[in-house]
Amino acid sequence: MTKGNIPRHVGFIMDGNGRWAKEHGKPRTFGHKKGADVIHEIVSASFNGGIEVVSLYAFSTENWARPKDEVDSIFDLLRKFLKKYAKELIDEEIKLIISGDLSALPENLRSECLERIADTCRFSEHVLNIAINYGSKAEIVRAVNQALKNGKTQISEEDIAENSYTKGLPDIDLIVRTGGEQRLSNFFLWQAAYAELYFTDVYWPDFHKKQLGEAIGWFSNRQRRFGDVSPK
Ligand code: IPE
Ligand code: IPE
Ligand code: MG
């Protein structure tokens, strides 16, 4: 599902903030702050480069296992990010969606999310999807349960897609994971069924426009066959 050789939908697993901080002799929370600082550059470069949907992994259902002060500081950074770019989202006509269970989040973060979603729900050209308290397995179970609640007795692929957080969006074409690990860590398993996977050792706070360009360049040389014998 590409437009030329530009992916329509890119998912970023923003990993390596803690190790970046350690290498700089700083606390992990400082790494998260630096990581939050590069998000804007990457998201705007993505949209300017023709990408339609950007999905960001900000906090996983597994990340609750971390020390409370680290979790609190991640939530605080997310709230500040959304507040800081509230106007820009509207000016640039970017639709914000949040994937994940908002009910478990601090009230001030939840309300910031809901306000940004409401402010931008009329847009469609560019979509910024932030995964907060998100896990793919939980999402799929939730989708099945919603379909059952709606009276379905047999679940189809369309039912799962329709009841997912990314309803109506194209599937993920490219996943970029920074920080050197080569795994998906429960990130959009359904939507990334046919995604190209790009892993880089660069830590997220050091991932800039140049590195994004390298990832897109790599993607544009992939041959996508979707099970067929010739490239699509
Ligand atoms: C990713 O960076 C950010 C979140 C999970 C919120 P990490 O905090 O996982 O950084 P490393 O993997 O420990 O370096
Ligand atoms: C994945 O990173 C989650 C986010 C980037 C938000 P983790 O650092 O939590 O992943 P694992 O634990 O190394 O798989
Ligand atoms: Mg990590």
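Residues numbered from 1 in each chain as written. Chains lettered and ligands numbered in written order. Predicted model: local features only at pLDDT ≥ 70, side-chain atom pairs only at ≥ 80, totals over all residues. Heavy atoms only, no water.

Colleague: Please give an account of the overall build of the protein chain that cites residues and values.
Modeller: Looking only at helices and strands, the protein chain has eight helices and eight strands in total. In terms of C-alpha radius of gyration, the protein chain reaches 17 Å, essentially the compact-globule figure of 17 Å for 232 residues. The dimensions of the protein chain, computed from C-alpha atoms along their principal axes, are 50 × 40 × 35 Å. Scored against the burial criterion, the 232 residues of the protein chain give a buried share of 47%. A fraction of 73% describes how many contacts in the protein chain between residues 6 or more apart in sequence connect residues 24 or more apart. Carbon and sulfur atoms form 50% of the exposed surface of the protein chain, whose accessible area is close to 11900 Å². Across the protein chain, 32 positive and 33 negative side-chain charges occur, with their mean positions spaced 2 Å apart. (Helix = DSSP H or I, 4+ residues; strand = E, 2+ residues; numbered from the N terminus. Rg over C-alpha atoms; globule rule 2.2 N^0.38 Å. Buried < 20%, exposed > 50% of the residue type's maximum accessible area, 1.4 Å probe, protein only. Contact = heavy atoms within 4.5 Å. Areas by Shrake-Rupley, 256 points an atom, 1.4 Å probe, with all protein chains shown as cover. Lys, Arg positive; Asp, Glu negative; His and termini not counted. Charge placed at Lys NZ, Arg CZ, Asp CG, Glu CD.)

Colleague: Residue-level account of the packing of helix H3 (residues 68-84) against helix H5 (residues 107-120), with values.
Modeller: The N-to-C vectors of H3 and H5 enclose an angle of 30°; their axes lie 9 Å apart at closest approach. Comparing their axes, H5 and H3 come out roughly parallel. Considering how the two elements wind past one another, H3 and H5 form a crossing that is left-handed. On the side of H3, the interface is formed by Phe-75, Leu-78, Arg-79, Leu-82 and Lys-83, while H5 contributes Asn-108, Leu-109, Glu-112, Cys-113 and Arg-116. Of the residues in the contact of H3 with H5, the class split is five nonpolar, one polar and four charged. (Axes fitted to C-alpha atoms, helices over the stretch in contact; angles between N-to-C directions. Parallel < 35°, antiparallel > 145°, perpendicular 65-115°, else oblique. Left-handed = near helix turned anticlockwise from the far one by under 90°. Nonpolar A, V, L, I, M, F, W, Y, C, P; charged D, E, K, R; others polar.)

Colleague: Residue-level account of the site of ligand 2, with values.
Modeller: As a matter of local geometry, ligand 2 sits amid Ile-13, Met-14, Asp-15, Tyr-57, Ala-58, Phe-59, Asn-63, Arg-66, Arg-177, Arg-183 and Ser-185. Between ligand 2 and Arg-66, the relevant distance is 3.2 Å, taken from an oxygen atom to a side-chain nitrogen or oxygen of the residue. Within the contact set of ligand 2, an oxygen atom lies 2.8 Å away from a side-chain nitrogen or oxygen of Arg-183. Summarising the interface, the protein chains cover 78% of the accessible area of ligand 2, which totals 390 Å² for the free molecule. At a threshold of 2 Å from the grid points, most atoms of ligand 2 map onto the largest pocket. Broken down by element, the shell around ligand 2 gets its largest block of residues, three residues, from strand S4 (residues 53-60). Of the residues belonging to the shell around ligand 2, the class tally is five nonpolar, two polar and four charged. (Near = heavy atom within 4 Å. Polar contact = N/O pair within 3.5 Å; in protein donor to acceptor, adjacent residues only side chain to side chain. 1 Å grid on protein atoms, 1.4 Å probe; cavity = no way out; pocket = protein on both sides within 12 Å on 5 of 7 lines; lining within 4 Å. Sits in = over half its atoms within 2 Å of the grid points.)

Colleague: A description of the environment of Glu-158 should follow, citing residues and the corresponding values.
Modeller: As for its placement among the helices and strands, Glu-158 is situated in helix H7 (residues 157-162). C-alpha separation for the pair Glu-158 and Ser-124, spaced 34 residues apart in sequence, amounts to 21 Å.

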